[in-house]
Structure formats: C-alpha cells, structure tokens
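# Notes for the structure review
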Amino acid sequence: MTHIRERTVLFADLRGSTALFETLGNAEASALVTQTVNQIARAVDECNGRLIKTLGDGLMAVFEVPRDGVKSAIRMHEQLERLVARGKQQGSAGLRALRMQVALARGEVVELNGDCFGDAVNVAARLLDHAGDNETLITVEVLNGLPSTQKLRFRSLDLIAVRGRAEPVHVHVLDQPNQGDMAATQFGEVVHAVEPDGIRLVWMDLDRVFDIDSMPIVLGRSVQATYCITDARVSRSHARVDWHGGSFSITDLSYNGTFVRFGLDGEIVSLKRGSCTLHGSGAIGLGSPPVDATSPTVRFEVLHFADTEPLQLSQGRSSAGQSAID
C-alpha cells in the first residue's frame, strides 16, 4: 500500500574504503565495511528511526521528526570516531582512513513496498555530493523543525545548487567541535599565532577580498556561486571556503577534485571530497593541479589586515581588490 507522509530523510556514506580493499583484499575489506555500516546503522533504531536500506558503503533511513534524524547523525559520527580510534590503536591504516558524510532533508515522502521516494529523498542523496569529510548537512526544512538548542550547532552555507533540481537548496552544516585541525595530517602542524582577518582570491581579473563574516564562499561555475569562475572545467559548486576554529578551510565538492599548493613550489595537496586548512598563500586548482598555466587556478592569500602590505599574488591588482585590501 502507498502512503504519503512528512518525513526526515537521512543518507550516510562511508568514504575511504578503497584503502581497505588495497590493504586487506576484497573478502576481508567487504566484511569490514559491512560490519562498519551495520554498527553505524544502530543509531537509526536508537533514535526512533527506520532503516530503509543499506547501500554498500552507506545507508538510508527516515525519521518522523528532524530532531531524531539529527541525533542519529551525531551518534553515527561518534560511532565512527570510536572505530577509527580503535583502528589507530591496532595500527590499521585502512580503518584510520574511513570518513563519513551525512545529509538530511525533509518533505513529503512516498512510502511504497518498504522503500521511499520523493523530492526529500533525492535532495538528501545529492547533498552528500556537497559534504566534506565527517560533515553533516541539513536543509532549512530540517533546521526549522529542530529545538533551539540543536539549531545553535548549525551554521548556514546559504543556497547551494543541487544536481537535478532547478531551485537551489538552503543548506546548513553541523559544527563539530573537534574538527578545526583538519590540515595536521595533510602537511604537518599548522601554527596560528594570530587569527587572520580575511582571505583574498584572484582568478584572472576577478580579484576579491572576503572577511570572516562573508563565509562560507562557494567557488564554482554557477552564477549563484559566491566566487563565480566561468570555465567549463569547473563544477557548478566546486569547492567551499569556510571559517572555523580560527582558520580558513577549503572543502572539495566536485567530481574532479580540488588541488591546493602552498607557496610557489610547495607540495600539492589533493582533495577528493576532503578538506584542508588554508594558510599563507598559494594556489587552488579546480579540477586539475595548479601546474598547468591553462587550467582554472585561483590564487589565495590569508590576510592579516594589521600587516602593512600583504604578499604579492600577481603583478597587478584590480581596483576592487586594491581598495578592499587598503
């Protein structure tokens, strides 16, 4: 029998399982991934939800109220953190590489033969494409159904263009208190002596400075992107710059990846749905590493307005960039 009900839809997806297959082999890795998904799925029942199905590296669930869905997402992250910590103790490189993205949307859902369909299902599934490592994204409809104490844990990412949907979606991200040091495992310890005041982005003649109140910045081809890069090789919503924990970070949202080079000849950090902290100055390659002069590359500089003169990113400056910095 078909039922149409208002529901909160949750999708969770494990990332980093490729390392498990490379180190453990197909049989053992498959068993470990299945076991991990099953352990995470316990949070659904614990929070009054209904598990609709598991999806290889992930799962889909529905909840009657947004509060239970968000509570379940938080428990899933906590469960994965415990598994990863256990992997570190056991020296398991594969387990240590596991990450998870969670997305929730709310709306009318068609329940048929144990499965669910509808716009909320599609939005939740596709929001996973925009989630960084260990992030939880929710739509504004989910946020509006939360108690005030839970709402305070989320910050707005503004409107995001979701694949297959004509209208953009107002998205919020859950602030995780222990994730402000994302870059440490990527390129060593980062020292923040003084919090930066802004970040400067330069692509061709588009020279702009953003302060911390302007966050987040979405870099992409869409005209709705905060920093629009009109290059066919760039995804509509390719990457996102956030302010969190006293530093700027960038998260890849694309299919082709985002690549960050620090300084003029530093090592290139490859982000495939991952994040890293931005510091100093360097270049962001959208879709390909910033080594080809023809590839879409955004130069960045983390600014301290107390400095007398920021680092030179280019030979010339646009009037808009000059006035913003001065």
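The coordinates are above.
What follows covers the sheet that holds strand β16 (residues 268-271). Pairing is antiparallel in the open sheet, where six strands are placed in the order β10-β9-β19-β18-β15-β16. Both edges of this open sheet fall to β10 (206-211) and β16, since each of them pairs with a single strand only. Neighbour to neighbour, the strand axes of the sheet diverge by 20 degrees on average, direction disregarded. Relative to β10, strand β9 (residues 198-203) runs antiparallel, the two sharing six bridges. Directly across from valine 202, in β10, lies its bridge partner aspartate 207.

In this section: the side chain of serine 235. Note that serine 235 resides in the loop between β12 (227-228) and β13 (239-244). Exposure remark for serine 235: the relative accessible area of 16% places this residue in the buried category. Aside from chain neighbours lying at most four places away, what touches serine 235 is Gly220, Arg221, Ser254 and Tyr255.

Methionine 215 connects to proline 216 through a cis peptide bond whose omega is 0 degrees. Assignment of secondary structure puts proline 216 in the loop between β10 and β11 (217-220). Positive phi outside glycine occurs at asparagine 48, with the angle close to 65 degrees. By secondary structure assignment, the location of asparagine 48 is in the loop between α2 (26-46) and β2 (50-54).

A separate point is the pattern of salt bridges. This structure, assessed with the given rule, holds 13 salt bridges. Salt-bridge contacts for arginine 155 lead to aspartate 242; the nearest nitrogen and oxygen are separated by 3.2 Å. Taken together, the positions of arginine 155 in strand β7 (residues 154-160) and aspartate 242 in strand β13 put the pair 87 residues apart, joining distant regions of the chain. Residue arginine 240 pairs with aspartate 242 through a salt bridge whose shortest N-O separation is 2.8 Å. A relative accessible area of 1% places aspartate 242 in the buried class. A single network of salt bridges, built from pairs that share partners, joins Glu135, Arg155, Asp175, Arg240 and Asp242.

Parameters at a glance
Here, residues in each chain are numbered from 1, in the same order as that chain's written sequence. Note on the predicted model: pLDDT of at least 70 is required for a residue's local features to be given, and 80 or more for side-chain atom pairs to be given and counted; whole-chain, interface and lining totals, by contrast, use all residues. In computing side-chain properties, one takes all heavy atoms of the structure into account and sets aside hydrogens as well as water. Here, any two strands with at least 2 DSSP bridges between them count as paired. A helix here means a DSSP run of H or I that spans at least four residues, while a strand means a run of E at least two residues long, and both kinds are numbered starting from the N terminus. Orientation is described by lines fitted to C-alpha atoms, with helices fitted over the stretch in contact, and by angles between N-to-C directions that extend from 0 to 180 degrees. Only protein chains enter the area calculation, which uses a 1.4 Å probe; residues under 20% of their type maximum are buried, those over 50% are exposed, and those in between are partly exposed. Contact definition: two residues touch when any of their heavy atoms are within 4.5 Å. Any carboxyl oxygen of Asp or Glu that lies within 4 Å of a side-chain nitrogen of Lys or Arg is treated as forming a salt bridge with it.

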